[in-house]
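# Tertiary structure, described
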Amino acid sequence: MMNVPVNEPVITDAAKKYVTEAVESGWVSSGGKYIPAFEEKFAEFIGVKHAITTTNGNSALHLALVALDVGPDDEVILPAFTMGACLNAVLYTGATPVLVDSEPETFNIDTSLLEAHVSPKTKAIMPVHIYGHACEMDAVMEIAQKHNIAVLEDAAEVHGGTYKGQMCGSIGDIGCFSFYGNKIVTTGEGGMVVTDDDALASRMRSLKDIAHSPDRRFWHDEMGFNYRMTNMQAGLGLGQLENVDTFLAHKQWMGEEYTKRLRDISGLRLPITKDGVLNVYWMYTVLVEDDFGMNRDDLRAALKEKGIDTRDFFYSLADMGLADTARKDASYPVAEDIAQRGFYLPSGLALSEEQLSYVCETLHAIAGS
Ligand SMILES: *Cc1c(COP(=O)(O)O)cnc(C)c1O
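Computed from a predicted structure; not experimentally measured.

## Focus on empty space enclosed by the protein
Applying the stated criterion to the full structure yields three cavities of 30 Å³ or more. There is about 90 Å³ of room inside the largest cavity. In this structure, the largest cavity is lined by Glu 105, Thr 106, Phe 107, Ile 130, Tyr 131, His 133, Pro 271, Ile 272, Asn 279, Tyr 281, Met 283 and Thr 285. Of the residues assigned to the lining of the largest cavity, the class counts are seven nonpolar, four polar and one charged. Each of domain 1 (13–100 + 107–241) and domain 2 (244–367) accounts for three or more of the residues forming the lining of the largest cavity.

Right, dumping it as structure tokens:
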């Protein structure tokens, strides 16, 4: 039996070298050469003017919301189907989260429902590019511009993914990334905010470093945070980022191979890619339909018995007590349905041809096809 982890990262030799150099240089906190080097290279990769490191994706989202002046009297629109960090970031600011249901095909925020959720209090929209597939950003931007609302893209799952030729994260006012160990670029723990706006960039630089007064260090006119990444993490990130084309090519290969080998299994719905989107397959998702003959949980258990580790989808945030403050004058049939039927297959950068074949053969054997 083969053992296939759900997400095994690949750490490049350059990354190992830079981390060691960072440690040996003595610059182990947020000074040192790798922070600016990583920020510059990431800004170039995304095609934006400014990239600013943070401690993680969650703090990146929070920093962006604070820089956009989101506070207790405001509402922030986000999808019901996303990671808890998105909801947390809104709750930290005291703003009211407003949840929107998802598209059934891509699991992204359903932009046909978006405008009905806009109110005079709406300050920001947080579209989340789920599992590596871009949201309908034209529709998001049109509604945002019409109502004068800021757009903060959560691009934590979509490094290198594009929408109509534009990099995800570079389309809204601010883009937020995570570099957690299972993300396409990792720093272990870490995050980044990106923007073309000079004022937002300098505000975020100040806020992430406890908002020292520009005139007097250790004097504070405003409440800030310590959201500083370490030089060691930036070294890791820089080394990984130098190899990002190879990582993205591996993801394309994985997405295409899974689809080719699994598409004739009836009752398994495979991911789609819309026209104009470069899907980076952060995770290769499947939905278990009624005619598969087994439910999602039983299928995952059967795979686990064969050494194949998988993960459930997110739950709908609307179902959680945490979201009780949320204005949710809507229902979430799609988010609830996909939460019960969806899971993802092993999708890590270290996934080998042998492992992928084994996963596909095992799925065929279970399905009896
Ligand atoms: C991973 C992730 C985050 C949070 O990132 P952390 O670095 O773990 O804090 C936020 N949003 C989405 C969509 C994510 O996938």
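## Some remarks on the side chain of Thr 12
Relative to the helices and strands, Thr 12 is located in the segment before α1 (13–25). When residues no more than four places from it in sequence are discounted, the contact partners of Thr 12 are Gly 239, Gln 240, Asn 243 and Phe 247.

## Some words on helix α5 (residues 137–147)
Here α5 has its buried residues at Met 137, Val 140, Met 141, Ile 143 and Ala 144. Projected onto a plane normal to the axis of α5, the buried residues spread over an arc of 165° and lie on a single side. Along α5, exposed side chains directed more than 90 degrees from the buried face belong to Glu 142, Gln 145 and Lys 146. Elements in contact with the buried residues of α5: β4 (122–125), β5 (150–154) and β6 (162–163). Within two residues after α5, Asn 148 carries a phi angle of roughly 60°, on the positive side.

## Some points on the packing of α1 against helix α7 (residues 231–241)
Two elements in contact, α1 and α7, have axes whose closest approach is 7 Å; the angle formed by their N-to-C orientations is 160°. One way to sum up the angle between α1 and α7 is to call them roughly antiparallel. Once α1 is placed against α7, the crossing between them reads as right-handed. For the pair formed by α1 and α7, the contact residues are Ala 14, Ala 15, Tyr 18, Val 19, Ala 22, Val 23 and Ser 25 on the first element and Asn 231, Met 232, Gly 235, Leu 236, Leu 238, Gly 239 and Gln 240 on the second. The residue makeup of the contact of α1 with α7, split by class, is nine nonpolar, five polar and no charged.

## Brief notes about the pattern of salt bridges
All chains considered together, the criterion is met by 22 salt bridges. Across the salt bridge formed by Lys 123 and Asp 74, the nearest N and O atoms sit 4.0 Å from each other. Placement of the pair is Lys 123 in strand β4 and Asp 74 in the loop between α3 (57–67) and β2 (75–79), with a sequence separation of 49 residues. Judged by relative accessible area, which is 30%, Lys 123 ranks as partly exposed.

## Here we look at the layout of surface pockets
The gaps of empty space that remain are located by a probe, the size of a water molecule, rolled over the atoms. For the largest pocket, the calculated volume is near 360 Å³. Considering the residues around the largest pocket, the lining is formed by 21 residues, among which Met 83, Ala 85, Ser 178, Tyr 180 and Lys 183 are closest to the centre. Of all the secondary-structure elements, those providing two or more residues to the lining of the largest pocket are α3, α4 (84–93) and β8 (174–178). Of the residues contributing to the lining of the largest pocket, the split by class is eleven nonpolar, six polar and four charged. In terms of lining, the second largest pocket is formed by Ser 30, Ile 35, Glu 39, Thr 53, Arg 205, Ser 206, Lys 208, Asp 209, Arg 228 and Met 229.

## Details of the site of the ligand
The ligand sits among 13 residues. The nearest are Gly 57, Asp 154, Glu 157, Ser 178 and Lys 183. The contact in question runs from an oxygen atom of the ligand to an N or O atom on the side chain of Lys 183, over 3.0 Å. Protein contact buries 93% of the 380 Å² of open area that the ligand shows by itself. Counting atoms within 2 Å of the grid points, the majority share of the ligand lands in the largest pocket. Of all elements in the fold, only α3 and α4 reach the threshold of two or more residues within the shell around the ligand.

About the thresholds
Residues numbered from 1 in each chain as written. Predicted model: local features only at pLDDT ≥ 70, side-chain atom pairs only at ≥ 80, totals over all residues. Heavy atoms only, no water. 1 Å grid on protein atoms, 1.4 Å probe; cavity = no way out; pocket = protein on both sides within 12 Å on 5 of 7 lines; lining within 4 Å. Points joined across faces, edges and corners; volume = space filled by probe spheres on them. Nonpolar A, V, L, I, M, F, W, Y, C, P; charged D, E, K, R; others polar. Domains from an automatic or database assignment. Helix = DSSP H or I, 4+ residues; strand = E, 2+ residues; numbered from the N terminus. Contact = heavy atoms within 4.5 Å. Buried < 20%, exposed > 50% of the residue type's maximum accessible area, 1.4 Å probe, protein only. Arc of directions from axis to C-beta. Axes fitted to C-alpha atoms, helices over the stretch in contact; angles between N-to-C directions. Parallel < 35°, antiparallel > 145°, perpendicular 65-115°, else oblique. Left-handed = near helix turned anticlockwise from the far one by under 90°. Salt bridge = Lys/Arg side-chain N within 4 Å of Asp/Glu carboxyl O. Near = heavy atom within 4 Å. Polar contact = N/O pair within 3.5 Å; in protein donor to acceptor, adjacent residues only side chain to side chain. Areas by Shrake-Rupley, 256 points an atom, 1.4 Å probe, with all protein chains shown as cover. Sits in = over half its atoms within 2 Å of the grid points.

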